[in-house]
Structures are given as C-alpha cells and as structure tokens.
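Fold and contact review
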Amino acid sequence: MTAGEYTAAADTHDLATGFGDTGSVGIAGLTLGGGVGYLVRKHGLTVDDLVSADIVTADGQLLHVDADTHPDLFWAIRGGGGNFGVATRFELRLHEAGAIFGGFLVLPATAEVVHRFVAEAESAPEELSTIASVMPAPPMPFIPAEHHGRLVVFAMLVYAGAVEAGQRAIAPFRALAAPIVDMVKPMRYPEVYPPEDEAYHPVALGHTMFVDSVGRGAADAIVDRLQHGSSPMCVAQIRVLGGAMARVPVDATAFAHRRSRIMVNLAALYERTQEKQEHADWLSRFADALHTGDDGAYVNFLADEGEARIRAAYPGRTWDRLAAIKARYDPTNLFRLNQNIPPARGS
Ligand SMILES: Cc1cc2nc3c(=O)[nH]c(=O)nc-3n(C[C@H](O)[C@H](O)[C@H](O)COP(=O)(O)OP(=O)(O)OC[C@H]3O[C@@H](n4cnc5c(N)ncnc54)[C@H](O)[C@@H]3O)c2cc1C
C-alpha cells in the first residue's frame, strides 16, 4: 500500500497518519525506516504512530509485535528497516487532520531568503511542518516561464490546524519575498500528494545529512553551490524537525535522530552514467560545507553508500542493540538485501 492510498482512505474519516512527501511511496519501507513527513512536528515520525505490526521472521514464524509482545523486535522495526522480517500488517494511530491549511509557496532563492525561511520554520508553531527545496525552478505550468531555471525555494507548507491560525503561522514566510507562486490555502490533507508524473524517473545521486542550523554562511553556500552545480538540476532539500518528533526519548525507537534539528538532502539529477563521479565529488564538497557536527544519516534516504553510512543511521548504542536483536531473530542474515545490519557475533 502506498502513502497516497492510505491517506485517501483515512481522509474519508477526516483522519490522517503522517508519511512522507510523496504519495507513490510504499508505507512499508517508509514506516520501517522512520517516516519523516508533513506531520512530523505535530505528531512525530510514522513510527511514533505505529501501535503494532505483524512480521514474518527468518524462521518462518508470523509474529505479532507491540510494546508488550516481543518489545525488542518492536523497538527494532521502528527505524531498523527490513532487517528483521517481512512486515505483513501495521496498526497505525490516526489523527484528526482532514481540513488543513497549506500548499506550495515558491520564493526567489537568495541567501537571505533561505536563511530566514529556515529560521521561521524553526520558530513556527509545531502545527507547521515544511519541506523546502532550493533548486532551479522546474518548467511546471503554474510557475511563470520567466522563472524557469532560476534558483527558487520550492516549499510545501502544511499547517495541521485551523485556517486562521494557519494564516498567522504562514504569514512570515509569505513576507520573506514577493512569492513567485502562492498556492497556500485551506485544503484537505490528501492534497499534500498531488498527482505524479509516472513517466518521470530521474537518475539522481544524493546525500542525506542532519545539520544544527542553516546560518547566513550556510545559506550563502547553498545558493552558491547550487548556482555552480554539477548538473543543471541540483537540489538542497531542507526539513526543519523538532516538535513532537523531538519529545520522544532518543532510545525509544531504532530511529535515534530525535535531537537532530534539520534534515538536509542534497541531490544531483543527471542522465549519463559516466558523469556519476563528478556529481559524487560535488555532493561531497557541498555536504562538507554544510556540516555542523551532526554525523547522523536518515536510513530511508541512503543509497548504496557502504557500512559507515549505515552505521551513521544508527548512532550511539543503537547499532549494537540492533545487531544483537538481529542475531536473535535473523542469525544467518537472511534479510540482507537492504541497509544491512549484520547479526552481532557471539550473541
Ligand atoms: C520519491 C521519493 C520520496 C521520498 N520521500 C520520503 C519522505 O518524505 N520521508 C521519508 O521518510 N522517506 C521518503 N522516501 C524514502 C522512502 O521512505 C524509502 O525509499 C522507503 O524504503 C520506501 O518504502 P517502499 O515500501 O516504497 O520501498 P521498497 O523499495 O519496496 O523497499 C525498500 C526496502 O524497504 C524494506 N521493505 C519494504 N517493504 C517491506 C516489508 N513489507 N517488510 C519488510 N521490509 C520491507 C526492504 O528492506 C526493502 O528493500 C522517499 C522515497 C522516494 C523514492
């Protein structure tokens, strides 16, 4: 089942569970890795709404797991991905979120706008979650042609609350610069997933990271690096976190980046495979320029990047705890075609 299908069905009851930013993404992989979307500040991660799951483990058993039954496995599947078995059923908590206030806001991307956008998103009420992509304006029909190819902040803002309060929360963003596009309005929650172009499958190289802040210097770097990107379509996507997600104790789930303040996903879209190294170098230099000391990575945005990066997804004691649970439930590493956590030896 996809996030879009679930969200449309839940909306018939004026309810929603937060998934990611794209309707066609499957809820299984997204949930098992954590789930960061438009309700993250108001209601937390998708795993924070996971009440129970049915899992087929490596030995062929069908286990029902929740906080009281196989609590170790329940902890591990809330961030540990597909390492522990095949999820066949989830029980997810729903929230009242039928009518919301939100939509696309496209602003010209100067360093000042980028910096202040992030500052506003950090100080906004928790009802507001934002995903802002700094990128060349794509040639979409609702973006005036004179802006196509120019650097913009292409943001989706979602205020999960009453319209008037949403208007107030979003006013500071509208005031950052004359909006190029302002589609923010009262809407139904499923409209966060607009129709997708099924034929669009770009090849992209990405780098996911967390940062503590996007100060004016970092914003300068974002604008400068994107203006001199290795490909015509380079993106820095910024997601301010905090709120409900940050109130869950770090060790409550295998997703352990509760104190991380901002997720940044850098990407270069390209066409010819021989260009890959050039984009990898550009991404690596870009990531270095933004690094603020948080070495974590979000597992669901990792590609095939090697063990060090998978370990970065599971900081502190999380990796060892996961490896021990893996040894208990999948000692032969049957489930290894994933961001793999090998079983701890000698457990
Ligand atoms: C366009 C796009 C946008 C995205 N946006 C977001 C976002 O906003 N927020 C976010 O948090 N993530 C986002 N993601 C990342 C997404 O969470 C991961 O790609 C996730 O793995 C997708 O889940 P899936 O079920 O569609 O994946 P699949 O490709 O089907 O599976 C990926 C992996 O997930 C595991 N898995 C999948 N299904 C099961 C199952 N039933 N049981 C056990 N393991 C399973 C397996 O390890 C599998 O290899 C996005 C991805 C894409 C492509």
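The structure this text deals with has already been given above.
Predicted model, so just to flag it, every value in this text is computed and none were measured.

Glancing now at helix α9 (residues 276-290). Helix length check: α9, at 15 residues, gives a terminal C-alpha distance of 21 Å against a target of 21 Å (1.5 Å per residue), a fit within 8%. Of the residues making up α9, those classed as buried are H279, W282, L283, F286, A287 and L290. Down the axis of α9, the buried set is contained in an arc of 135°. They therefore lie on one face. Exposed side of α9, more than 90 degrees from the buried face: Q277 and D288 are the residues found there. Of the surrounding elements, those touching the buried residues of α9 are β11 (203-211), α7 (216-227), β12 (233-240) and β13 (262-270).

For the rest of this paragraph, the subject is the layout of surface pockets. Estimated volume of the second largest pocket: approximately 250 Å³. Lining the second largest pocket we find 14 residues, and of these L205, G206, A280, L283 and E305 sit closest to its centre. Of all the secondary structure elements, the ones that give two or more residues to the lining of the second largest pocket are β11 and α9. If one sorts the elements of the lining of the second largest pocket by residue count, α9 sits on top with seven residues. The residue inventory of the lining of the second largest pocket, partitioned by class, reads five nonpolar, four polar and five charged.

Attention shifts here to a nonpolar patch on the surface. On the surface, a cluster of nonpolar side chains totalling about 230 Å² of accessible area is made up of M140, F142 and M183. Here M140 shows up in the loop between β7 (128-136) and β8 (151-159).

In the region of the ligand, 21 residues are neighbours, and D21, G26, V36, A87 and Y298 sit closest. One nitrogen or oxygen atom from the main chain of V36 is found 2.8 Å from a nitrogen atom belonging to the ligand. Relative to its free-state accessible area of 940 Å², the ligand is covered by the protein chains to the extent of 62%. For the shell around the ligand, the secondary structure elements donating two or more residues are α2 (27-33) and β4 (86-92). Per-element accounting of the shell around the ligand gives the leading share, four residues, to α2. Class assignment of the residues belonging to the shell around the ligand gives a composition of 10 nonpolar, nine polar and two charged.

Right, let's talk about the packing of α7 against α9 for a bit. Relative to each other, α7 and α9 sit at 165°, their axes nearing to 9 Å. Of the possible angle classes, the one that applies to α7 and α9 is roughly antiparallel. Here α7 and α9 pass one another in a crossing that is right-handed. Taken together, the residues of α9 that come into contact with α7 (itself represented by A218, A221, I222, R225 and L226) are W282, R285, F286, A289 and L290. Taken together, the residues of the contact of α7 with α9 break down into eight nonpolar, no polar and two charged.

This paragraph deals with the packing of aromatic side chains. What describes a pair of aromatic rings is the distance from one ring centre to the other and the angle between the planes of the rings. Within this structure, the stated rule accounts for eight aromatic pairs. Aromatic rings pair up to connect F104, F142 and F154 into one cluster. Positioned above the aromatic ring of F74 is the side chain of R78, whose terminal nitrogen or guanidinium carbon lies 3.9 Å from the ring centre. Positioned over the ring face of W75 is R321, at 3.9 Å from the centre of the ring.

Where helix α5 (residues 111-123) meets α7, the axes come as close as 8 Å, and the angle between the chain directions of the two elements is 125°. With respect to each other, α5 and α7 are oriented oblique. The chirality of how α5 crosses α7 is right-handed. For the pair α5 and α7, the contacting residues are A111, E112, V114 and H115 in the first and R216, A219, D220, I222 and V223 in the second.

This brings us to empty space enclosed by the protein. Counting across every chain of the model gives one cavity of 30 Å³ or more. Of the volumes computed, that of the largest cavity is approximately 30 Å³. Taken together, V211, S213, V214, A218, I222, V264 and L290 make up the lining of the largest cavity. Counted by class, the lining of the largest cavity contains six nonpolar, one polar and no charged residues.

Thresholds applied
Here the residue index of a chain counts from 1 through its sequence in written order. This being a predicted model, a pLDDT of at least 70 is required before a residue's local features are given, and a value of 80 or more before pairs of side-chain atoms are given or counted; all residues contribute to the totals for chains, interfaces and linings. By convention in this description, side-chain values take in all heavy atoms of the structure and omit both hydrogens and water. Put simply, DSSP H or I for four residues or longer makes a helix, DSSP E for two residues or longer makes a strand, and each gets a number counted from the N terminus. Every helix has an expected span of 1.5 Å times one less than the residues it contains. Each residue gets one of three labels from its accessible area relative to the maximum for its type: buried under 20%, exposed over 50%, partly exposed in between, using a 1.4 Å probe on protein chains only. This arc is taken over the directions from the axis of the helix to the C-beta atoms. Here a residue-residue contact requires only that any non-hydrogen atoms of the pair lie within 4.5 Å. The distinction between a cavity and a pocket rests on a 1 Å grid over the protein atoms alone: a 1.4 Å probe fits inside a cavity but cannot get out, while a pocket stays open yet meets protein on both sides within 12 Å along at least five of seven lines, and a residue with an atom within 4 Å of a point counts as lining. Grid points are joined across faces, edges and corners, and a volume is the space filled by probe spheres set on the points. Following the grouping adopted for this structure description, the nonpolar residues are Ala, Val, Leu, Ile, Met, Phe, Trp, Tyr, Cys and Pro, the charged ones are Asp, Glu, Lys and Arg, and the polar ones are all others, Gly among them. Patch definition: residues with relative accessible area over 30% and no salt bridge; like charges joined within 9 Å; nonpolar side chains (Val, Leu, Ile, Met, Phe, Trp, Tyr) joined within 5 Å. Shrake-Rupley sampling with a 1.4 Å probe provides the accessible areas, and residues are treated as covered by the protein chains on show and by no other component. Whenever a carboxyl oxygen of Asp or Glu lies within 4 Å of a side-chain nitrogen of Lys or Arg, that contact is scored as a salt bridge. One heavy atom within 4 Å of a molecule or strand makes the whole residue count as near it. Any pair of N or O atoms that falls within 3.5 Å is considered a polar contact. Within protein, one atom must be able to donate a hydrogen and the other to accept it, and sequence-neighbouring residues count only if both atoms are side-chain atoms. Convention adopted: a line fitted to C-alpha atoms gives each axis, helices being fitted over their contacting stretch, and angles between N-to-C directions are expressed from 0 to 180 degrees. If an angle is under 35 degrees, it is roughly parallel; if it is over 145, roughly antiparallel; if it lies from 65 to 115, roughly perpendicular; otherwise it is oblique. By convention, the crossing between two helices is left-handed when the near helix turns anticlockwise from the far helix through less than a right angle, and right-handed when the turn is clockwise. Side-chain rings of Phe, Tyr and Trp (the six-membered ring for Trp) are treated as a pair once their centres are within 6.5 Å; stacked means planes under 30 degrees apart, edge-to-face means over 60, and tilted covers the remaining angles. For a ring to carry a charge above it, either NZ of a lysine or CZ of an arginine must fall within 6 Å of the ring centroid while also lying within 35 degrees of the normal to the ring plane.

That's the geometry; what it means functionally is another story.
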